[in-house]
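These are the residues of each chain, in order.
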Amino acid sequence: MSKIGNLTLKKLFNITLFIWIIFIPMKTSFYQISYVLLIILFLVHLFTEKRFTLFIEMLKEYKSLLIAFSLIILSMTISNLLSNITTFLSWKTEFLYIFRYFLLFLILIFLHRENFFTKKFLLIAIFSSLLLQGLDGISQAIFNYDFIKGHTNGLHEGLSGAVFQKNPFGMFMAIGASLSFGLLFYKNLYKLKRIEMTLLSIFFGIFIFNLLFSYSRASWLFFAMFIIVLYVANYKNIDKRYIFILITVVLLIVIMFNYNEALLLRFKSLIHGDSSHRFEIWKQAISLIKQKIFFGYGLMTYSKIGLKGFSGVHNSIIEIFLFLGLFGFIVYTNLLLKILNKILSNKNIIQLGLFFAYIVITQFDESIIKSIVVISPLVLFSFFIFSQGKRDNAL
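Below, the structure is looked at part by part. (Residues numbered from 1 in each chain as written. Predicted model: local features only at pLDDT ≥ 70, side-chain atom pairs only at ≥ 80, totals over all residues. Heavy atoms only, no water.)

Some details on the packing of helix α14 (residues 316–346) against helix α15 (residues 349–361)
How we decide: Helix axes are fitted to C-alpha atoms over the stretch in contact, other axes to C-alpha atoms as well, and angles between N-to-C directions run from 0 to 180 degrees. A run of DSSP states H or I qualifies as a helix once it reaches four residues; a run of E qualifies as a strand once it reaches two. Both are numbered from the N-terminal end. For classification, angles of less than 35 degrees are called roughly parallel, those exceeding 145 degrees roughly antiparallel, those between 65 and 115 degrees roughly perpendicular, and all remaining angles oblique. Should the near helix be turned anticlockwise from the far one by less than a right angle, the crossing is termed left-handed; should it be turned clockwise, right-handed. Note on definitions: a residue-residue contact is assigned when non-hydrogen atoms from the two residues lie within 4.5 Å. Each residue is assigned to one class: nonpolar for Ala, Val, Leu, Ile, Met, Phe, Trp, Tyr, Cys and Pro, charged for Asp, Glu, Lys and Arg, and polar for all the others, Gly among them.
Contact geometry for α14 and α15: axes closest at 9 Å, N-to-C directions at 155°. Taken together, α14 and α15 sit at an angle that is classed as roughly antiparallel. Here the hand of the crossing between α14 and α15 comes out left-handed. Between α14 and α15, the residues in contact are L336, I339, L340, I343, L344 and N346 and Q351, L352, F355 and F356, respectively. Across the contact of α14 with α15, the residue classes tally to 8 nonpolar, 2 polar and no charged.

In structure tokens:
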């Protein structure tokens, strides 16, 4: 392919990648179409530029990670085969795990090496997506109306932006608040300019407001865990300014809790251990796990065996045991340990904070097996962890 053609391909890939990231929270057809286009553009580059050898060499570099992921797919296959209640959805979920998530992860790693995009571009796209939802959440707070998808809930019911429900919206706002705060915390490391710090401070305020008024307690815990990891990891050389900033943020949040009765009630329910029926769900799920401890019931079978009226387990550990059994739990733990080991070798506290924050939120909400809004951001998170390019210093 000519240089002009290759440049056009790169631009198309960047535009498509930007669109895909923008629509992750909204789960619309734009998400699906842009994902397919990303794969097509990757294949065009692979064939026209004859990069097969380089791609295979990259796979060899990630051999350990490939084996860890393959073991998860093996556990899914075994559990689906051994179960007598699996459906087409069970196999579709396994298929998507490979071709929607892991394949895209490999594509991002490879095309980043091929100078198709920078980490800074990816970070801008992520913030654009989060900020779009944050601004829509503020409009929802003011007008009781979401201008993107027409949701009519407001502050009293809990903000959801253009996301389908307030809990995933809260998770996205928690991610935005964590990224903003983390980058400001390490402003010298990332050599942030004054205008960048000003923008990040504004973004942080928007994300925190939406996070609080999403009333998503699991998302509150996400952000709290991130902050705890950030400060504990830096306790030896933490600047007094950051202690003052933390105290100021906490005081502002306390004032908001006291000002808004609905917000205070959600906080009290968190403190008092109100599980929103999760304890009943977990108790019943654990009794089911004991009956099929080794390989579980297969993917996406909760609707057939779980409590009626509930869509899922709301706990990643119990979910893995229920669907994939002990074998699935072992191989998932193996992958998590590899990810944690890589983060520690990167010596990146922002990544470490997000890692533990994700573990916390998936113990109370969302699914790491079926949820697009959880797994898609994890694809991007994994890219930042495992990408080895030195061209740009972002996260």
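Once the structure has been displayed, the description carries forward.
Some remarks on the pattern of salt bridges
For clarity, the cut-off: Criterion for a salt bridge: a side-chain nitrogen of Lys or Arg within 4 Å of a carboxyl oxygen of Asp or Glu. Exposure classes here rest on a 1.4 Å probe applied to the protein chains alone. A residue is buried below 20% of its type maximum, exposed above 50%, and partly exposed in between.
Counted according to the given criterion, the structure contains 4 salt bridges. Of the charged contacts, one joins E114 and R51 as a salt bridge, the two residues approaching to 2.7 Å between their closest N and O atoms. Residue E114 is located in the loop between α5 (88–113) and α6 (119–143), and its partner R51 is located in the loop between α2 (29–48) and α3 (52–61); the two are separated by 63 residues in the primary sequence. Of the charged contacts, one joins D365 and R278 as a salt bridge, the two residues approaching to 3.9 Å between their closest N and O atoms. Placement of D365 in the loop between α15 and α16 (372–386) and of R278 in helix α12 (residues 278–291) is noted, with a sequence separation of 87 residues between them. We note that D365, like R278, is buried.

Observations regarding α5
What counts here: Multiplying one less than the number of residues by 1.5 Å gives the expected span of a helix. What the bend at a residue measures is the angle between two axes, fitted to the seven residues ending there and to the seven starting there.
The first and last C-alpha atoms of α5 sit 37 Å apart over 26 residues, in line with the 38 Å expected at 1.5 Å per residue. Along α5, the sharpest kink reaches roughly 35°, centred on L96. Of the residues flanking the end of α5, it is N115, one or two places downstream, whose phi is positive at about 60°.

Observations concerning α3
Heads up, the rule is: Taken from the helix axis, the directions to the C-beta atoms give the arc we talk about.
Of all the positions in α3, only F55, M58 and L59 are classed as buried. Buried positions in α3, seen along its axis, are confined to an arc of 100° and lie on one side of it. Residues of α3 that are exposed and angled more than 90 degrees away from the buried face: T53 and K60. On its buried side, α3 packs onto α2, α4 (63–82) and α5.

Looking at empty space enclosed by the protein
Short version of the rule: Using protein atoms alone on a 1 Å grid, points that fit a 1.4 Å probe yet trap it form a cavity, whereas open point sets bounded by protein on both sides within 12 Å along at least five of seven lines form a pocket; residues with an atom within 4 Å of a point count as lining. Grid points are joined across faces, edges and corners, and a volume is the space filled by probe spheres set on the points.
Enumeration according to the criterion identifies 1 cavity of 30 Å³ or more in this entry. Approximately 250 Å³ is the volume attributed to the largest cavity. For the largest cavity, the lining is made up of 16 residues, of which I126, I175, L179, P377 and L380 are closest to its centre. Within the residue set of the lining of the largest cavity, elements represented by two or more residues are α6, α7 (166–185), α15 and α16. No other element matches the 4 residues that α16 contributes to the lining of the largest cavity.

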